[in-house]
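In case you want the letters, here they are:
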Amino acid sequence: TKTFIPGSIIRGMFAGRYIQQQLGNNKDAHESRDFYKIFLSGNVSFGPAYIATPTTNNYKENFPLPLSLQYAKENETEVYELLLNDSDEQTKPFQGYGRFENNFLCLQEVKKQFFFHHQRDRTTGTPEEGLFFTYESLAPRQVFIGELRFIEEELSQEFYNIFNNCSPIYFIGKSKSSQYGQVRVNLDLPQKAQDNINFTDREIPLTFISETIIYDEFGFGITDRQRLENYLNEILQNTGSVKISKAFLKIKEIENYVSVWKLRRPSELSLGAGSCCLLQI
């Protein structure tokens, strides 16, 4: 069980509801121009949802912690940012999610639970006597916050109007009708993204807040420092040269299952969430 909700699951959740309510469960949904525009064209980016921290009136967003953010082996309250400062202490990276608040590092745990379940006879569908298995799931009553990005403002408003008028109850994961699969979805009003980056600083820390697949010119996933540096210089060719002076990179293998195909996708190598590097411009 993952400790977050992947964007691919969020996209599938909304796509299933759209097919059900807008297209009458039409199996040829991909032929619909509106369905294609929202779910297949790449005009909408479905980001992962990470655990949130409840407060008195709202919830606070957390992100995967950078690998460079580490604590002293002998004292967990001593925190070091090794991307920006060197340390002679023996340190270990934090695992999980958190945020900075008033110069303090706040960590947020993701809770899980186990269920016992009857094993079923695949031919009859009835429970097999005396045979059980356990499965793991996210514990209930936790809130996860994610972000959807739209290439056009009109498209974001159209998406909001469609799904804000639907039932907020969805089912995700393997259990489609009971127990841990039931979730409640709340949509915020669309807002304009603040994506302007100021390159006046000579040093810029870059942190990957999701598992990130970047292809090189040969179609292979980029997972090392030198090829990442080459890639950044290619896409920022009119901004100036970029050098990675320090990096903490984690390699993650990603493999998904496509229910329509009843097959797995080919596995991909990615930079894991929390990977980070210091760019010199």
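Look up: the structure comes first, before these words.
Residues numbered from 1 in each chain as written. Predicted model: local features only at pLDDT ≥ 70, side-chain atom pairs only at ≥ 80, totals over all residues. Heavy atoms only, no water.

A. Expanded view of the side chain of Thr91. Checked against the element boundaries, Thr91 lands in strand E7 (residues 91-93). Only 2.7 Å separates the side chain of Thr91 from the side chain of Gln70, close enough to count as a polar contact. The contacts of Thr91, once residues within four sequence positions are left out, are Gln70, Tyr71, Ala72, Lys73, Tyr80 and Leu82. (Helix = DSSP H or I, 4+ residues; strand = E, 2+ residues; numbered from the N terminus. Polar contact = N/O pair within 3.5 Å; in protein donor to acceptor, adjacent residues only side chain to side chain. Contact = heavy atoms within 4.5 Å.)

B. Local environment of a negative patch on the surface. The grouping of Glu74, Glu78, Asp88 and Glu89 at the surface amounts to a negative patch. By secondary structure assignment, the location of Glu89 is in the loop between strand E6 (75-81) and E7. (Patch = residues over 30% accessible without salt bridge, like charges linked within 9 Å, V, L, I, M, F, W, Y side chains within 5 Å. Areas by Shrake-Rupley, 256 points an atom, 1.4 Å probe, with all protein chains shown as cover. Salt bridge = Lys/Arg side-chain N within 4 Å of Asp/Glu carboxyl O. Lys, Arg positive; Asp, Glu negative; His and termini not counted. Charge placed at Lys NZ, Arg CZ, Asp CG, Glu CD.)

C. Summary view of the sheet that holds strand E8 (residues 97-101). Sheet architecture is open: three strands sit in the order E4-E8-E9, paired in antiparallel fashion. Strand pairing shows two members of the sheet lacking a second neighbour, strand E4 (63-64) and strand E9 (104-108), which therefore form its edges. The sheet contact formed by E4 and E8 spans two bridges and is antiparallel. The residue of E8 that forms the bridge with Pro64 is Tyr97. (Pairing = 2+ DSSP bridges.)

D. Region of the structure containing the packing of aromatic side chains. A complete count under the given rule lists 15 aromatic pairs for this structure. When the ring of Tyr18 is compared with that of Phe35, the centres are 6.0 Å apart and the planes differ by 50°; the resulting orientation is tilted. Here Phe35 lies in helix H2 (residues 33-40) and Tyr18 lies in helix H1 (residues 7-22), a separation of 17 residues in the sequence. Note on accessibility: Tyr18 and Phe35 belong to one class, buried. With a centroid separation of 6.4 Å and 40° between ring planes, the pair formed by Tyr18 and Phe163 is classed as tilted. One end of the pair, Tyr18, is in helix H1; the other, Phe163, is in helix H3 (residues 153-164), with 145 residues separating them in the sequence. Exposure remark for Phe163: the relative accessible area of 4% places this residue in the buried category. Put simply, the rings of Phe14, Tyr18, Phe35, Phe39, Phe46, Phe150, Phe159, Phe163 and Tyr170 touch in pairs and so form one group of aromatic residues. Positioned over the ring face of Tyr170 is Arg17, at 4.0 Å from the centre of the ring. (Phe/Tyr/Trp six-rings, centres within 6.5 Å; stacked < 30°, edge-to-face > 60°. Buried < 20%, exposed > 50% of the residue type's maximum accessible area, 1.4 Å probe, protein only. Lys NZ or Arg CZ within 6 Å of the ring centre and 35° of its normal.)

E. Expanded view of the packing of H2 against H3. At their nearest, the axes of H2 and H3 sit 12 Å apart, and the two run at 105° to each other. When the axis of H2 is compared with that of H3, the two are roughly perpendicular. Here H2 contributes Lys37, Ile38 and Phe39 to the contact with H3, which in turn contributes Leu155, Glu158, Phe159, Ile162 and Phe163. Each residue belonging to the contact of H2 with H3 can be placed in one class, and the counts come to six nonpolar, no polar and two charged. (Axes fitted to C-alpha atoms, helices over the stretch in contact; angles between N-to-C directions. Parallel < 35°, antiparallel > 145°, perpendicular 65-115°, else oblique. Nonpolar A, V, L, I, M, F, W, Y, C, P; charged D, E, K, R; others polar.)

Shape descriptors only; they carry no functional weight alone.
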